[in-house]
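Breakdown of the fold
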Amino acid sequence: MMDGMTAKQNVPVAGEATLPPRLDTAIARSVDSLLSLQHEDGHWVFELEADATIPAEYILLQHYLGTVDPELDKRIARYLRGIQGEHGGWPLFHGGDLDLSASVKAYFALKAAGDPIDAPHMARARAAILARGGARNCNVFTRIMLALWGEVPWRAVPVMPVEIMLLPSWFPFHIDKIS
C-alpha cells in the first residue's frame, strides 16, 4: 500500500475470506488516514510520549543523585500535574484508568519536586492511591524505588532465591520460563 494504493483498491482475490462490511470500512478509513499522513519519502512523524512513570523516575533519579536542575524539575513537575487524570491518579495511556504504580511514582516525584502534600492535586492523588490499597499494591519496580528511598522496607520487595538458577530446564519453574 505504500505505492499510493488506497485500502479501498485492495480487492480480495476469489476464494479469500472477506471482512464484515463495517469492519472492512473501518480498516479502509484507518489505512487511508495513515497514508495521508505519510511523508513523500515514505516516513511518518508522530509525537512519542511516555506515561507518567518516565518523567517521574527522571525527577526521582536526579534527586537521588543530587544532580537536580531546578528549572527542568519545575517543567517536568508541571507536565506531571498536567497529565493527572480526572480520577486523581495517572494512567498508562491518555484517557486511561488510574494505574496505581504510575500514580505512586508521579505523586512521589511531585513531592520530591516540592509540591506541598496539602495542594488540591496532591490530596486528590493521595486519596485515589489510598482508595486502591496504597503502595502495598504497587508493582515490584515501584516497590524497589520506594525501598531505595527508604519509604518501605526492603522486605516489601519480592525476591527469588538465587538457587533457582540451578533448577534443571525440565523443571516446571525454570529461569528460561520467566521474564
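You'll find the structure just up there.
Let me begin by describing the structure that accompanies this report. (Residues numbered from 1 in each chain as written. Predicted model: local features only at pLDDT ≥ 70, side-chain atom pairs only at ≥ 80, totals over all residues. Heavy atoms only, no water.)

A few words now on the overall build of the chain. Check the secondary structure of the chain and you find six helices and zero strands. Start at the N end of the chain and walk to the C end: the helices and strands fall as α-α-α-α-α-α. Residues classed as buried in the chain amount to 28% of the 179 residues present. Counting only contacts in the chain whose residues sit at least 6 apart along the sequence, the fraction spanning at least 24 positions is 49%. If you sum the accessible surface of the chain, you get close to 12400 Å²; carbon and sulfur atoms cover 60% of it. (Helix = DSSP H or I, 4+ residues; strand = E, 2+ residues; numbered from the N terminus. Buried < 20%, exposed > 50% of the residue type's maximum accessible area, 1.4 Å probe, protein only. Contact = heavy atoms within 4.5 Å. Areas by Shrake-Rupley, 256 points an atom, 1.4 Å probe, with all protein chains shown as cover.)

The next subject is the nonpolar core. Leu80, Trp90, Leu100, Val104, Ala109, Leu110 and Leu146 are the most contacted members of the largest nonpolar core, which totals 27 residues. The set of elements that each furnish at least two residues to this core consists of helix H2 (53-65), helix H3 (70-82), helix H4 (100-112), helix H5 (120-131) and helix H6 (140-148). No other element matches H4, which puts seven residues into this core. Residue contacts for valine 104: discarding those within four places in its chain leaves Ile129, Ala135, Cys138, Thr142 and Leu146. (Core = buried A, V, L, I, M, F, W, Y, C linked by side-chain atoms within 4.5 Å.)

Right, let's get into the packing of H3 against H4. Helix-helix packing: each pair is described by the crossing angle between the helix axes and the interaxial distance. Following both chains from N to C, one finds H3 and H4 inclined at 140°, their axes separated by 10 Å at the closest point. By the angle between their axes, H3 is oblique relative to H4. Seen along the crossing, H3 lies across H4 with a hand that is left-handed. Here Ala77, Leu80 and Arg81 of H3 lie close against H4, whose contacting residues are Ala106, Ala109 and Leu110. Counted by class, the contact of H3 with H4 contains five nonpolar, no polar and one charged residues. (Axes fitted to C-alpha atoms, helices over the stretch in contact; angles between N-to-C directions. Parallel < 35°, antiparallel > 145°, perpendicular 65-115°, else oblique. Left-handed = near helix turned anticlockwise from the far one by under 90°. Nonpolar A, V, L, I, M, F, W, Y, C, P; charged D, E, K, R; others polar.)

Evaluated as defined, the whole model comprises one cavity of 30 Å³ or more. Size it by volume and the largest cavity reaches roughly 30 Å³. Along its surface, the largest cavity is lined by Tyr58, Ile59, Gln62, Val68, Asp69, Leu72, Asp73 and Ile76. Of all the secondary structure elements, the ones that give two or more residues to the lining of the largest cavity are H2 and H3. (1 Å grid on protein atoms, 1.4 Å probe; cavity = no way out; pocket = protein on both sides within 12 Å on 5 of 7 lines; lining within 4 Å. Points joined across faces, edges and corners; volume = space filled by probe spheres on them.)

Functional significance is not addressed by these values, which are geometric in nature.
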